[in-house]
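The residues making up each chain are set out below.
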Amino acid sequence: MTQTEGLFNRLANPTRFMSIAAAILPWLTGVTVILFAVGLYLTFFVAPPDYQQGETVKIMFIHVPAAWLAMMGYSLIAVSSIGSLIWRHPLADVSAKTAAPIGAVFTFLALVTGSLWGKPMWGTYWVWDARLTSVLVLLFLYLGLIALWQSIEEPSRAGRAAAILALVGFVNVPIIKFSVDWWNTLHQPASVARLDGPAIHSSILTPLLVMAAAFTCLFFVLHLKAMTTEILRRRVEALRMTQVARAAAE
Amino acid sequence: MMGNLGEHAAFIVAAYAIVAIVLAGLIAWVTLDARSQARLLAELEAKGVSRRSARKGRKRQASEAAE
């Protein structure tokens, strides 16, 4: 057994996962708060205005991290879905279920902040181009997954159905990423994750990366917390079933 | 600088305000849900309802203490 498989199996025990999460969460929360403090200071007191966009470039420091996390959240759901369908890992569908509402929120924020950035820069809040439309489809996929989880009562059946939908919908993630290269869109092409390096000056790139790290840490704080809550919810359900069974037997 | 956000200040302030409000709502929802489930679990356990694995664990601890 490799080290990774060993860790994977140890985490399969929900009680052990809860104790690891309880140890990590206070530290990760502290790191998140510090990163947000530094990121907001750099955003509002250090970062210069862009030579073309002026001060509206500050919207990029929240829009881009939200968009990255929208895609990362869905990728996490897809990986969890594979874990759920193939290995039947007990925490995989807990991970997938709890990542969906958090990912949906970040997708919504990416759309809203992009719209508020688009109006002064493009002259419009919305345009039906490939990038914007594919991100809107991503939001609908998230909402579909949440609805599916809510509509099927039995968690393992809901998990399997949601995992299949999540994996089918994953095709949208590379479409979002490469839409600006494949089609002519109003949205600018990639300027950070490029083969020839970032096309942004370090004075603007640094606050962007710090804010991205802050958003990412916040995502994982919320996801870990939501996962431990989901485990508690399932224990509550199991205890209620036990209570009903005992009452029926008496 | 903070005091001068230029001619499009309203868009910048609106974007940051919406992000702050929505993320605060998400944090509150996750926190309150966690507290609510922990309370429900504590109430059920206080009534003497327990999981089979928890009962086994308690029995094992009791037998270890007796030995």
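First things first, this report covers the structure right here in the doc. (Residues numbered from 1 in each chain as written. Chains lettered and ligands numbered in written order. Predicted model: local features only at pLDDT ≥ 70, side-chain atom pairs only at ≥ 80, totals over all residues.)

1. Side note on the interface of chain A and chain B
Under the convention used in this document: What counts as a contact here is a pair of residues whose C-beta atoms, placed from the backbone, lie within 7 Å. Going along the chain from the N terminus, every DSSP run of H or I of four or more residues is numbered as a helix, and every run of E of two or more is numbered as a strand. When residues are sorted by character, Ala, Val, Leu, Ile, Met, Phe, Trp, Tyr, Cys and Pro go into the nonpolar class, Asp, Glu, Lys and Arg into the charged class, and all the rest, Gly among them, into the polar class.
Taken together, the 31 residues of chain A in the interface contact 25 residues of chain B. Counting only elements with at least two residues in the side of chain A that touches chain B, the list comes to helix H2 (14-46), helix H4 (92-122) and helix H8 (202-249) of chain A. Broken down by element, the residue count for the side of chain A that touches chain B peaks at 13 residues, all from H8(A). Partitioning the side of chain A that touches chain B into residue classes produces 18 nonpolar, seven polar and six charged.

2. Overview of the nonpolar core
Side chains of nonpolar character tend, in soluble globular proteins, to be buried together. To keep it simple, the criterion reads: For this entry, the nonpolar core is defined as buried Ala, Val, Leu, Ile, Met, Phe, Trp, Tyr and Cys residues connected by C-beta atoms within 7 Å. Burial is judged by counting other C-beta atoms within 10 Å of a residue's own C-beta: 20 or more means buried, 12 or fewer means exposed, and anything between counts as partly exposed, with every C-beta placed from the backbone.
A:Ala66, A:Ala70 and B:Ala15 are the most contacted members of the largest nonpolar core, which has 63 residues in total. Of all the elements in the fold, those that place two or more residues in this core are helix H3 (60-85), H4, helix H5 (130-151), helix H6 (155-169) and H8 of chain A together with helix H1 (9-46) of chain B. If you tally residues by element for this core, the top one is H8(A), at 18 residues. A:Ala66 has contacts with A:Phe106, A:Leu109, A:Ala110, A:Thr113 and A:Phe215, leaving out every residue within four places of it along the chain.

3. Section: the environment of A:Glu154
Residues and elements named next belong to chain A. Within the secondary structure layout, Glu154 lies in the loop between H5 and H6. Accessibility expressed as a C-beta count within 10 Å gives 8 for Glu154, which makes it exposed. The sequence separation of Glu154 and Val94 amounts to 60 residues, and the corresponding C-alpha distance is 13 Å.

4. Observations concerning the packing of H4(A) against H8(A)
Residue and element names in this part refer to chain A. Note the cut-off: Under this scheme, a helix contributes an axis fitted over its contacting stretch, all axes are lines through C-alpha atoms, and angles between N-to-C directions fall in the 0 to 180 degree range. The cut-offs work like this: below 35 degrees is roughly parallel, past 145 is roughly antiparallel, 65 to 115 is roughly perpendicular, and the gaps in between are oblique. Take the far helix as the reference: if the near one is turned anticlockwise from it by less than a right angle, the crossing is left-handed, and if turned clockwise, right-handed.
Contact pair H4 / H8: the axes reach a minimum separation of 9 Å and the direction vectors enclose 130°. Relative to H8, H4 is oriented oblique. The hand of the H4/H8 crossing is right-handed. Seen from H4, the contacting residues are Val94, Ser95, Lys97, Thr98, Ala99 and Ile102; seen from H8, they are Phe219, Leu222, His223, Ala226, Met227, Glu230 and Ile231. In terms of residue class, the contact of H4 with H8 is made up of eight nonpolar, three polar and two charged.

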